[in-house]
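Residue-level structure breakdown
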Amino acid sequence: MTTALLSVSDKTGIVEFARSLHAHGIKLLSTGGTAKLLAESGLPVTEVSEITGFPEMLDGRVKTLHPRVHGGLLARRDVPAHMAALKEHGIDTIDLLIINLYPFAQATAKADCTLEDAIENIDIGGPAMLRAAAKNWQDVGVVIDPTDYPQVLAELAASNGQSLTRSTKFMLAKKVFSHTAAYDGMISNYLTALETGSEEATEAVPARAEYPSVFNLQLHKVQGMRYGENPHQSAAFYREAAPAAGLLSGWQQIQGKELSFNNIADADAAWECVKAFDVPACVIVKHANPCGVAVGATPLEAYQKALKTDPTSAFGGIMAFNRPIDADVVNEINANKQFVEVAIAPAFTAEARAAYASKTNVRLLEVPVAQVANALDFKRVGGGMLLQSADTIDIVGGEVKVVTQLQPTAQQMDDLLFAWKVARFVKSNAIVFCKDGMTMGVGAGQMSRLDSARIASIKAGHAGLTLQGTAVASDAFFPFRDGLDVVVDAGATCVIQPGGSMRDNEVIAAADERGIAMVFTGTRHFRH
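Residues numbered from 1 in each chain as written. Predicted model: local features only at pLDDT ≥ 70, side-chain atom pairs only at ≥ 80, totals over all residues. Heavy atoms only, no water.

A few points about the side chain of Asn121
Structurally, Asn121 is set in the loop between helix H7 (115-120) and helix H8 (125-135). Every residue in contact with Asn121, bar those within four places of it in the chain, is listed here: Tyr102, Pro103, Phe104, Ala107 and Tyr183. (Helix = DSSP H or I, 4+ residues; strand = E, 2+ residues; numbered from the N terminus. Contact = heavy atoms within 4.5 Å.)

Some points on the packing of aromatic side chains
In this description, an aromatic ring pair is defined by two values, namely the gap between the centres and the angle between the planes. Per the stated rule, a full pass over the model turns up eight aromatic pairs. Between Phe104 and Tyr190, the ring centres sit 5.7 Å apart and the planes meet at 85 degrees, which makes this aromatic pair edge-to-face. Of this pair, Phe104 sits in helix H6 (residues 104-108) while Tyr190 sits in helix H10 (residues 166-191), placing them 86 residues apart in sequence. Seen from their ring centres, Trp137 and Phe170 are 4.7 Å apart, and the 45 degrees between their planes marks the pair as tilted. Residue Trp137 is located in the loop between H8 and strand S5 (141-143), and its partner Phe170 is located in helix H10; the two are separated by 33 residues in the primary sequence. For Trp137, a relative accessible area of 17% translates into the label buried. With relative accessibility at 38%, the residue Phe170 sits in the partly exposed group. In this structure, Arg239 packs its charged tip against the face of Trp251, placed 6.0 Å from the ring centre. Sitting over the face of the ring of Phe277, Lys421 holds its NZ or CZ atom 5.6 Å from the ring centroid. (Phe/Tyr/Trp six-rings, centres within 6.5 Å; stacked < 30°, edge-to-face > 60°. Buried < 20%, exposed > 50% of the residue type's maximum accessible area, 1.4 Å probe, protein only. Lys NZ or Arg CZ within 6 Å of the ring centre and 35° of its normal.)

Structural notes on the domain arrangement of the chain
The assigned domain composition of the chain is domain 1 (3-200), domain 2 (248-366) and domain 3 (401-520). Domain 2 and domain 3 are separated by 27 Å when their C-alpha centres are compared. On the domain 3 side, the residues contacting the 17 residues of domain 2 number 18 residues. Across the domain 2/domain 3 interface, buried area totals approximately 1,400 Å², and carbon plus sulfur atoms make up 64% of it. Taken together, the links from domain 2 to domain 3 amount to one salt bridge. Taking the shortest distance from any N to any O, the salt bridge between Lys459 and Asp310 comes out at 3.0 Å. For the pair domain 2 and domain 3, the number of links is eight residue pairs in polar contact (both at pLDDT 80 or more). Contributions of two or more residues to the side of domain 2 that touches domain 3 are made by helix H11 (261-274), strand S10 (289-295), helix H12 (299-309) and helix H13 (311-314). In terms of residues, the side of domain 2 that touches domain 3 owes the most to one element, S10, which gives six residues. (Domains from an automatic or database assignment. Buried area = accessible area lost by both parts, 1.4 Å probe. Salt bridge = Lys/Arg side-chain N within 4 Å of Asp/Glu carboxyl O. Polar contact = N/O pair within 3.5 Å; in protein donor to acceptor, adjacent residues only side chain to side chain.)

Overview of a negative patch on the surface
Together, Asp112, Glu116, Asp117 and Glu203 make up a region of like negative charge exposed at the surface. Note that Glu203 resides in the loop between H10 and strand S6 (219-225). The exposure class of Glu203 is exposed, given its relative accessible area of 72%. (Patch = residues over 30% accessible without salt bridge, like charges linked within 9 Å, V, L, I, M, F, W, Y side chains within 5 Å. Areas by Shrake-Rupley, 256 points an atom, 1.4 Å probe, with all protein chains shown as cover. Lys, Arg positive; Asp, Glu negative; His and termini not counted. Charge placed at Lys NZ, Arg CZ, Asp CG, Glu CD.)

As for the pairing of strand S4 (residues 96-100)
Among the five residues in S4, five count as buried, and that is most of the element. Judged by which residues are buried, S4 turns out to be covered on both faces: Leu96, Ile98 and Asn100 on one side and Leu97 and Ile99 on the other are all buried. Across five bridges, strand S1 (residues 3-8) lies against S4 in parallel orientation. Paired with Val8 across the bridge in S4 is Asn100. Alignment of S4 against S5, held across three bridges, turns out to be parallel. Directly across from Ile98, in S5, lies its bridge partner Val143. (Pairing = 2+ DSSP bridges.)

Concerning helix H9 (residues 149-158)
When H9 is considered as a whole, its buried residues turn out to be Tyr149, Val152, Glu155 and Leu156. Looking straight down H9, one finds that the buried residues subtend no more than 135 degrees of arc, so they occupy a single side. Of the exposed residues in H9, those oriented more than 90 degrees away from the buried face are Pro150 and Ala158. Looking at the buried side of H9, the elements it contacts are S1, helix H1 (14-23), S4, S5 and H10. (Arc of directions from axis to C-beta.)

Brief notes about a nonpolar patch on the surface
Residues Phe215, Leu217, Leu219, Tyr238, Phe378 and Met385 make up a contiguous nonpolar surface patch of about 550 Å² in total accessible area. Among the structural elements, Met385 can be located in strand S15 (residues 384-389). A relative accessible area of 43% means that Met385 is categorised as partly exposed.

Put into structure tokens, the structure is as follows:
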């Protein structure tokens with residue numbers, strides 16, 4: 001390994017990296033700002049223009065697009081004809097390429113980014129060199145990510161600056177092709193989202209459609225799985241390249257077996273629900289639906305209340321807390337002999353970990369709490385994909401409209417808002433009975449809203465809970481008064497729903513007739 005070409009926009013660690021290369025006797029080639037930085041740092045560096053015989057031109061658009069660069073990258077060292085061609089034309093090999101690309105994503109994320117700005121941040125020479133080096137990975141090491149610098153330097157040190165292992169070079173090449181694919185995908189997403197006519201005003205900030213006409217997405221495999229939803233289905237879990245802190249995919253597993261397909265799906269449902277609360281909360285999920293949700297002064301109190309909703313369904317469920325878990329919570333779970341598949345919290349104290357240590361199969365996940373959501377939701381259909389913005393709308397008391405003669409009390413309003421928050425995370429049709437900061441009965445995923453109400457009532461009875469004086473949330477409007485009558489017959493004294501039915505007046509009249517308070521939110525929360 002005799003020659004390295006360095007040309008980076010992200011200059012993190014590049015001087016130290018180049019200094020190590022120089023110490024191994026590797027010649028440094030560079031361009032533009034990188035060459036200037038290396039020279040100012042006292043390193044001997046040769047400008048690429050001295051190799052090509054052409055200066056950088058066209059405002060830097062052309063500097064490495066030349067046979068003396070690409071020949072040096074693409075020539076196979078084990079093919080005599082290739083090496084003879086290099087000798088004939090006086091081209092030297094380039095054995096190591098260190099590049100990262102123009103910051104297109106950062107440029108287009110700026111509110112004042114014009115089309116001209118975006119175009120000028122599309123890298124041409126960089127991807128061409130990267131692909132050339134990665135194609136010839138057997139002979140050329142190619143580094144796109146500064147986090148790979150330590151491994152490259154360690155292998156060079158181990159070989160006295162002679163080479164990298166084949167496995168490392170192949171890993172780096174694969175990383176390059178994934179990176180350039182994502183880079184081109186970003187450019188496509190941006191350009192195909194521009195409104196018609198944007199090309200006529202390149203110096204203005206162009207209007208962008210919410211969804212591009214061609215949508216590119218890249219995900220990174222985290223783990224394979226023994227199977228999917230069922231044993232006859234294969235599965236794997238993929239993560240976004242840079243998920244926001246606070247989303248489930250950033251979990252740190254501190255104990256337990258490997259997560260399964262269903263574990264991850266249910267854990268996400270539990271985590272999204274529990275982090276919607278500002279006070280200590282516990283959410284227990286079974287088959288993607290909350291079967292118990294509660295808030296309390298402490299995580300222990302929240303857990304005790306959540307478990308009461310449906311202790312039968314809670315067995316084998318997923319539990320999520322939005323506060324750190326201590327030994328008191330774990331001891332209570334163990335005392336209840338509750339089998340838990342996954343427990344999620346921002347942290348588990350040392351005492352909590354010790355209390356769970358004997359339950360070696362229980363998966364403990366730590367995830368930082370943050371009020372963030374996925375920018376887009378995806379749903380796979382045959383031959384296509386549905387994309388939508390995330391359902392993140394929440395409400396406060398001042399945003400609801402009281403539509404009945406009876407006004408809800410302050411306590412009832414608290415219960416209504418709690419029930420509404422829970423209903424957002426229950427599969428439609430959703431009916432949720434709540435009181436005093438806990439779910440009392442949850443009806444989910446039924447074809448009829450009446451059936452959801454009846455199931456919620458039945459579950460409350462099985463758990464030994466009374467629905468008298470409860471607040472009820474319905475994720476969508478009551479199309480007829482019969483649904484309202486069912487929840488009032490069960491004991492509800494106030495109802496929160498979106499409204500919007502052609503029979504709203506009939507349902508409001510029924511609420512007045514039954515002597516209950518009802519509020520409209522104006523927002524529906526279907527969850528399919």
